Structure formats: C-alpha cells, structure tokens
Amino acid sequence: MTQNTDYNLSLFERAKAVIPGGVNSPVRAFKAVGGTPRFVKRAQGAYFWDANDQRYIDYIGSWGPMILGHGHPAVLGAVQKAALDGFSFGAPTEREVELAEAIIERVPSMDMVRLVSSGTEAGMSAIRLARGATGRSKILKFEGCYHGHADALLVKAGSGLATFGNATSAGVPPEVIQHTLVLEYNNVVQLEEAFALHGREIACLMMEPIAGNMNFVRASVPFTRRCRELCTEYGALLIYDEVMTGFRVALGGAQSVYAQHIPGFAPDITVMGKVIGGGMPLAAFGGRREVMELLAPLGAVYQAGTLSGNPVATACGLATLKEVSRPGFYDALASRTRALVTALEAAAADEGVPFCGDSEGGMFGFFLLPELPQNYAQVMRTDGARFNRLFHGLLDRGVYIAPALYEAGFVSAAHTDEDIAATVAATREVFRTL
Ligand SMILES: *Cc1c(COP(=O)(O)O)cnc(C)c1O
C-alpha cells in the first residue's frame, strides 16, 4: 500500500527552515527510522490524522499522557470550562490543591507534592531536593533510564565498572557530571560495589522502576529490593522517576506494583508527569513531609515556576485522574494491552520471527529478540534495520508505533478490540516481509 505524503513532506521542509531539524523534540524527526515525520492535524479516541488526512492507530499517545485516548469528553469539558475562567494567574488556585490531594491520595509514599510544568523540571528539582536534604553531591543513575535533559543527567556509562560517566550531549561540562555515577540496570553486583565505594557520598539513586526509555525493561524484584536497602543503609534517597509509569501502569504507579512483592516498599521521592497532565504541560515531584518541607518558601532548597500549577493544565490533569480512578479501569486497560502483546507474539511465532514482549497496565514493549532484555546493552542487540522495516511497514498500514526501537508503546482506554485485531493483522503482514 502506498500513500501520498506530500503534505507531510512540504510541512517538514517548511519546518526545517525555521526549527532545528524541523521538530521541537528530537525523536519526532524519524532520524532513527528514516522517512518523513507525520504532521498531526487532529486526533480523536485511539486515532490521529496526518497532514494528508491519513488515519493512524496511535500507540504513542503523546508518549504516554493520552491514557483516555484523544478528546475524551469529560477532559475536554473540564479544559474548556477552566479556560473561560483564565489561563494563568501567578497566584494560587483551588484546583492546584485538589490535584495535589488527588495525587497523594493515590500514591501513599507522597505526603506532599510540588507541581511543575515538565518531567525534566520535576526530575532536576527532585535531585536538588535530595542533595539539599542529604548535604551530599553524588547521584546514581542507570544506563538506558531517561530522566529529562538536565545537564547532570545526560550521562552514559564510562568504560570499566562503576565509573563516572561521559556526557551524552555537547554543552555539558565535565565538572557538571563529575558527581554522576552510571550503572547497569538490573546489575546487583555493580550496585553493591558502587555503594561500597561511594555510599556515604551518594545523595540519591534515581531510577525508572519500569524503564520506558529503553523500550520496556522491568527492574527485577531482587534488584529493586537492593536499591531500597542500600539507599536506606547509606542514607541516600531513592528517587522513583514515574513520569512515564505514574498512573500509566497502575493507579498507584509502578511503586504499587513492586509493593506487592516487597512488603512496605516505598521510594523517598517520586517524580511524575505525562498522565497527570492528561496531555497538558504538567509534572510533579513529591515525597515525605520532612523532605518536601525543605523546599522554598519553607526551606533552603530553591525551586519555582511562573506557569507551575497552571489552572488549565490542572483541570486537564484532574479530569484525567478522575476517569482513571473508576473501578476496573486499569484491569480493562491491562488486559487489552496484554492481549495485544500476546497476539503479536503468536503472530511472530507463526511467521518465524524472533520476538518477545511485555506489558504492565497500559504500557508495553516488544523486541525483535528471542528473549526479554534486562538492560540497555541487551536492548541494543536488536537489529535496527529490521526494526525500521517493521516500523515503516506498520506506518504504511496505518499503525503508528514509536519511531525508534528503544521506546515503549502505549494503549489507551479508547483502543477497541477491533483496533487491536487490525494492528495484529497488519503486523502479521509485515512479519511476512521481514
Ligand atoms: C518523558 C520522561 C521524562 C521527561 O519528561 P518531559 O516532560 O519530557 O520533560 C523524564 N523521565 C521519564 C521516565 C520520562 O519518560
């Protein structure tokens, strides 16, 4: 099947003249997979339409936020009503209190929360808070986990064990990342060694509990348990970056999933974004009262934002959280997502394609690999050229998955059994061409 991409192409040409790379966030540019990005004209439910009015089943959902699908009537209504009352005041509003209450009610590890505008901002603020709370400088992160584009976090592992890393971006001075340790995800031995060497200097360990920025990789339960134990033993704070997983994998976030396996499990600080804004720029970080009270204006850790707690964004977030809190919401979403992954695995087996997948709640990942990877290096064993053929084959058939093999996928409440079946049929066709 071929399609006319003229309007996308001409928009891309125009965009490239005035916006670096033609996009406002790099992964949108299709650089990894090649071809022309689809410029979205409008979206409804599980679909969006590009500049040529071509329809796609959307498995990105704005990279996670659109858990209800696009244009949910209750969310639209709340946003329209809020907009009429004013866009931004730079003064507190009742809706900020309501949203803060709604978040902490559902995530017991948080006594207090501060609202911000992006996951990047929330993550960098959480690190400043952890450093302020501990009086320490070092931070520990894992290769393949993304926590936003703050300088100190744009680091990949150096050579050798438990070394301090190298910047992954130009413009990040070595002095700024000298305190950032980068370890392999799910590697308990490295974790133990890093704490044995540097434990008393570590302010925080920051992690994605289910990594969604190296496709979909779960932290194992023993690894998660050791992260918690070592942080407690050495007085470091455990920061759970649930920007992607929060209100996406379960109502209580990924931490509620791990708490089922590790009694009493809770992170010290949680970072959220994506779903809590329902598609509007909104993110948050929160934790125990004594830690959060270190923030200005109460404490000495400075953090601020002109548009923080924006009244239209909080209305969007609140309406979204209300919908996902309905009984059975996550059970239905999880079973539909699991059905997709299971059917794709069956189709791959029929067609003799090495393939495996995993999902939690409304988040999934699949790999052109014989078994599920445990860390970034294993994810990157995927045959990139093969993935690109799969991506473009699906795109040609009206199915839009992430344009890079190291991204997770998202199912919304608006995806129907028919959408799933159509996706599986399209994928089966593409498998035959691989
Ligand atoms: C998306 C994401 C971020 C960054 O959020 P932005 O709103 O894009 O700044 C941080 N952490 C994780 C886990 C994410 O998925």
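Below: a short report on this structure. Please read all numbers here as calculations on a predicted model, not as lab measurements. (Residues numbered from 1 in each chain as written. Predicted model: local features only at pLDDT ≥ 70, side-chain atom pairs only at ≥ 80, totals over all residues. Heavy atoms only, no water.)

**Focus: the packing of aromatic side chains**
Right, so step 1: Summed over all chains, the structure comprises 17 aromatic pairs.
Right, so step 2: Taken together, a centroid distance of 5.5 Å and an interplanar angle of 35° make the contact between Phe195 and Tyr234 tilted. Taken together, the residues span a long stretch of sequence, with Phe195 in helix α6 (residues 188–198) and Tyr234 in helix α7 (residues 221–234) at a distance of 39 residues. Taken individually, Phe195 and Tyr234 each receive the classification buried, so the pair is uniform in this respect.
Right, so step 3: Joined through ring pairs, the aromatic side chains of Phe30, Phe48, Tyr56, Phe391 and Tyr400 make up one cluster.
Right, so step 4: One cation-aromatic arrangement involves Arg42 over Trp49; the distance from NZ or CZ to the ring centre is 4.1 Å. (Phe/Tyr/Trp six-rings, centres within 6.5 Å; stacked < 30°, edge-to-face > 60°. Helix = DSSP H or I, 4+ residues; strand = E, 2+ residues; numbered from the N terminus. Buried < 20%, exposed > 50% of the residue type's maximum accessible area, 1.4 Å probe, protein only. Lys NZ or Arg CZ within 6 Å of the ring centre and 35° of its normal.)

**Some points on empty space enclosed by the protein**
Right, so step 1: If you walk through the whole model with that rule in mind, you get four cavities of 30 Å³ or more.
Right, so step 2: Of the volumes computed, that of the largest cavity is approximately 110 Å³.
Right, so step 3: Looking at the largest cavity, it is lined by 13 residues, and the ones nearest its centre are Phe366, Ile401, Ala402, Glu407 and Ala408.
Right, so step 4: With three residues, strand β16 (residues 363–367) is the single largest residue contributor to the lining of the largest cavity.
Right, so step 5: Residue composition of the lining of the largest cavity, by class: nine nonpolar, three polar and one charged. (1 Å grid on protein atoms, 1.4 Å probe; cavity = no way out; pocket = protein on both sides within 12 Å on 5 of 7 lines; lining within 4 Å. Points joined across faces, edges and corners; volume = space filled by probe spheres on them. Nonpolar A, V, L, I, M, F, W, Y, C, P; charged D, E, K, R; others polar.)

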